[in-house]
Amino acid sequence: SSVIVALGSIAIATATSVTAAPLPELPRSNSTLNLTCFGWRLKHPELILSSSGAYLHGLPINESQLQSIRHVTADLVVVDDVTLQHLGQLSNLRTVGGNVEIRYNLKLTDISGLSNLEVIGGSLNILFNHQLSDLPGFTKLKVIGNSLRITHNHKLTSITGFPALVRIGRDFGLRGNSQLLVAPEMPSLRAIDGNVEVIFNPAMHSVDNMVMALETLQGRFMIKDNDNLTNITILPNISKIGNAFELSFNDGITEVHGLPKLDQLGGLTIKSNPSLRVVGGFEYLQVLESANRVPGAFEVMFNGALEDFRVPHLVSVGDLTVIDNDQLPIAHFPRLRSVAGDVQVSYNAKLRSFSSPGASSVASLSVLANFELTQVTMTNLTRVKGPMAISFNKALETLSDFDSLQQVLNNLEIKGNQRLKDVSTFQNLQLIGGSFLVENNTSLEDMSGLSQDLTVAGNMEISNNDKLLKLSSLETLPVVRGFAVLSINCTGNSVRPPDIPECVSCASWEVPNLDRTSCKPNYIFVLVVGFIYLLAFCLSVALCMTLRNVMVVDAIIISLSGRVLLRTTERHYLLRGFWGRHFPLWIQGTGCDFLDRAKKPIRARAVGDIELELLVRMDKNVSARRTLSSLPLSEVSLQPTMDSAMDFTKTDGSCMVSCQGFAVVKSPWELLSAGLGLPCLVWAFILVVAMSAMIYLGDSSDIPVPDLLLSALQSFACGALAALLLRLLAVLRRRR
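Residues numbered from 1 in each chain as written. Predicted model: local features only at pLDDT ≥ 70, side-chain atom pairs only at ≥ 80, totals over all residues. Heavy atoms only, no water.

### Structural notes on the pattern of salt bridges
- Throughout the structure, instances matching the rule amount to 9 salt bridges.
- The partner of R190 in a salt bridge is E215, and the shortest N-O contact between them spans 3.8 Å. Here R190 is found in the loop between strand 17 (172–175) and strand 18 (191–192), whereas its partner E215 is found in the loop between strand 19 (196–199) and strand 20 (216–217), with 25 residues between them in sequence.
- In this structure R190 comes out as buried when scored by relative accessible area, which is 17%.
- Classification of E215 as partly exposed rests on a relative accessible area of 34%. (Salt bridge = Lys/Arg side-chain N within 4 Å of Asp/Glu carboxyl O. Helix = DSSP H or I, 4+ residues; strand = E, 2+ residues; numbered from the N terminus. Buried < 20%, exposed > 50% of the residue type's maximum accessible area, 1.4 Å probe, protein only.)

Here it is as structure tokens:
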């Protein structure tokens, strides 16, 4: 066990010594270069290789002299050499005190000749070498005092060098290398004192192993305009980035992971990545603050496919911006307590919930045009130092989570929230330093949630809120230092009298006048309802009068004058009272062929309590029996209940056919309705057409359709009652 303990102690000590190994000191740069579009300024480079030859301190040297150089105290420049293919003549070079510039060499394919170089005091810039396909070498280079830039080398596909590089004193940039496939690994690189920029490398498909050992980054980390990147996993060992982390304009990237130790950033920007769905790796991020203690911005913008983004431990930010992420459902910041700047949550088409329950103060708050947003939670917010706007959120119904808000030091705007019903959450709001605007909230019904101690330092305007029918809750508002416009937008069939601070509905037969201060009669509506009422009444009477339409036939009597009478066995309401006009009739059950084969209804009228006259004429000179056999009565069917017989015993010379059967009003739609001369079918058709037209007219001219339907139902009921009274009157007359 003692051996195991000893081995464990050795292992711990070894690990500690490895992790605690000091970074190399940065050399002082001796560069005198000032490259402009007009050439070199200040001094010429100390050592320069170009198409015209090699020059040391401005004097030409030969190749053997060049190979003997081990140290360059200032700058080394390899530029515009159209014949140079390699840098083998610099194989003995150990240090460069200034910059190493390798630019515009059209045939340069190999720079491994710099493999013995150990220190560069200035920058290493490898730019516009269009035949360079790989960057091997630099195997002993440990420190670059300034920046490392590898830019616009259009045939460069890989960077395999820099295995011993530990520290870069300023920036590391990969920009515009159109064929570069993979970012360099640089396995020993632990510190970059400036920025990391990977920009516009369209063929690059992986940055997963880039600077994997990096522990310290003083500047920003930027991956931008690399359209072939898809999933990335980065920076497993870094805990702090001194400036911003930016991931932007990468069209193909879908997921981001890594960063398991990161707890502090100078800022975070995830912007314009149209395919990005998931952003991970920020689960332990706590603080957005730069190295000079300036709060950093949190920006997630224009990521059309983003569905999941979580920062559960974030406690401090500068600006908080979530804009135009169409698929993002939730923006939740559960532990966020400090917001030094503005909060903007806007144009997120599917965002349903935004919450930051711990933030107590913000510079400004803007929640705009999130069409599916139903919940905004900032329960601990007490102060907004600038303007506050909650507008154009179509699905937002309540503002219930601003209970602690006491001060808004600039304008407060609540506009265009179509489903917002109340503002009861502002019950503790005491001061609005600017104007207070509540406009175009079409479902807003109540303003009673405002505090009675509210003071508005600017103007107050409450207008165009269609369902806000009263402002009685604002009668105790103590101070409005500017002008106040308290406008009730009475809509539909409502008006606002001058002396009443609320909307009053007009009667159904009235309409508002032009200025909506009073009501006036709606004569068109009165005429329409009266017309509908009359039609429905007539139809109801006709229908109800034909509910019992069967009469039992006792005999058919043919007089010498040619009249044909039908006698029934009992009194019937159709034969007396209201029905004095003729009506169509079916006859059944007599057994006579000439009635059975009738093709048209027989017209008839009542002439007594038990008799009605069939409106056909008989020839006096023809015998009754022959006449009966040839009588052209149409639409009559007779079905015998017993044998029919002829009886000529009448004293007035008439003959009677005793044949039991039924006289039936076969179709009630053919009855003449209420004696007004139109069949029920016609009345029904007119009613249906009129109701359809009035319903359409009601939708387009503010005539209430429910009132039209109610009028039709009432008139049907009145018609049925009238028909019942008429039938009762007929019964009473028969009994007299």
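### Comments concerning the nonpolar core
- Ranked by internal contacts, the top residues of the largest apolar core, which has 123 residues, are F245, F298 and F402.
- In this structure F402 touches L365, V376, M378, L381, M388, I390, T425 and F426, once residues within four positions along its chain are discounted. (Core = buried A, V, L, I, M, F, W, Y, C linked by side-chain atoms within 4.5 Å. Contact = heavy atoms within 4.5 Å.)

### As for unusual backbone geometry
- Phi is positive for Y104, which is not a glycine, with a value near 55°.
- Structurally, Y104 is set in the loop between strand 9 (100–103) and strand 10 (119–120).
- Its relative accessible area of 38% is what places Y104 among the partly exposed residues.
- Positioned with a positive phi, D324 is a non-glycine residue whose angle comes to about 60°.
- In this structure, D324 sits in the loop between strand 31 (320–323) and strand 32 (330–332).
- A relative accessible area of 27% means that D324 is categorised as partly exposed.

### Quick notes on the sheet that holds strand 26 (residues 278–279)
- The parallel open sheet is built from 4 strands, whose spatial order is 22-24-26-29. Two strands lie at the open edges of the sheet, namely strand 22 (231–234) and strand 29 (308–309), each paired on one side alone.
- Examined bridge by bridge, strand 26 and strand 29 share 2 bridges and lie parallel to one another. Bridge assignment links V279 to a residue of strand 29, and that residue is F309. (Pairing = 2+ DSSP bridges.)

### Focus: the pairing of strand 7 (residues 76–79)
- Here strand 7 shows a buried face lined by L76 and V78 and a second buried face lined by V77 and V79.
- Relative to strand 9, strand 7 runs parallel, the two sharing 4 bridges. Among the inter-strand pairings, L76 is bridged to a residue of strand 9, identified as V100.

### Observations concerning a nonpolar patch on the surface
- The grouping of L721, L724 and L725 at the surface amounts to a nonpolar patch, some 310 Å² of accessible area in total.
- Tracing the chain through its elements places L724 in helix 7 (residues 705–735).
- Residue classification places L724 among the exposed residues on the basis of a relative accessible area of 55%. (Patch = residues over 30% accessible without salt bridge, like charges linked within 9 Å, V, L, I, M, F, W, Y side chains within 5 Å. Areas by Shrake-Rupley, 256 points an atom, 1.4 Å probe, with all protein chains shown as cover.)

### Concerning the state of the cysteines
- Applying the stated criterion across every chain, the model contains 1 disulfide.
- The partner cysteine of C506 in its disulfide is C519, sulfur to sulfur 1.9 Å. Every disulfide takes its handedness from the sign of the S-S torsion; for C506 and C519 that torsion is -85°, giving left-handed. Highlighted residues: C506 in the loop between strand 50 (504–505) and strand 51 (510–512) and C519 in strand 52 (residues 519–521), separated in sequence by 13 residues. (Disulfide = S-S within 2.5 Å.)

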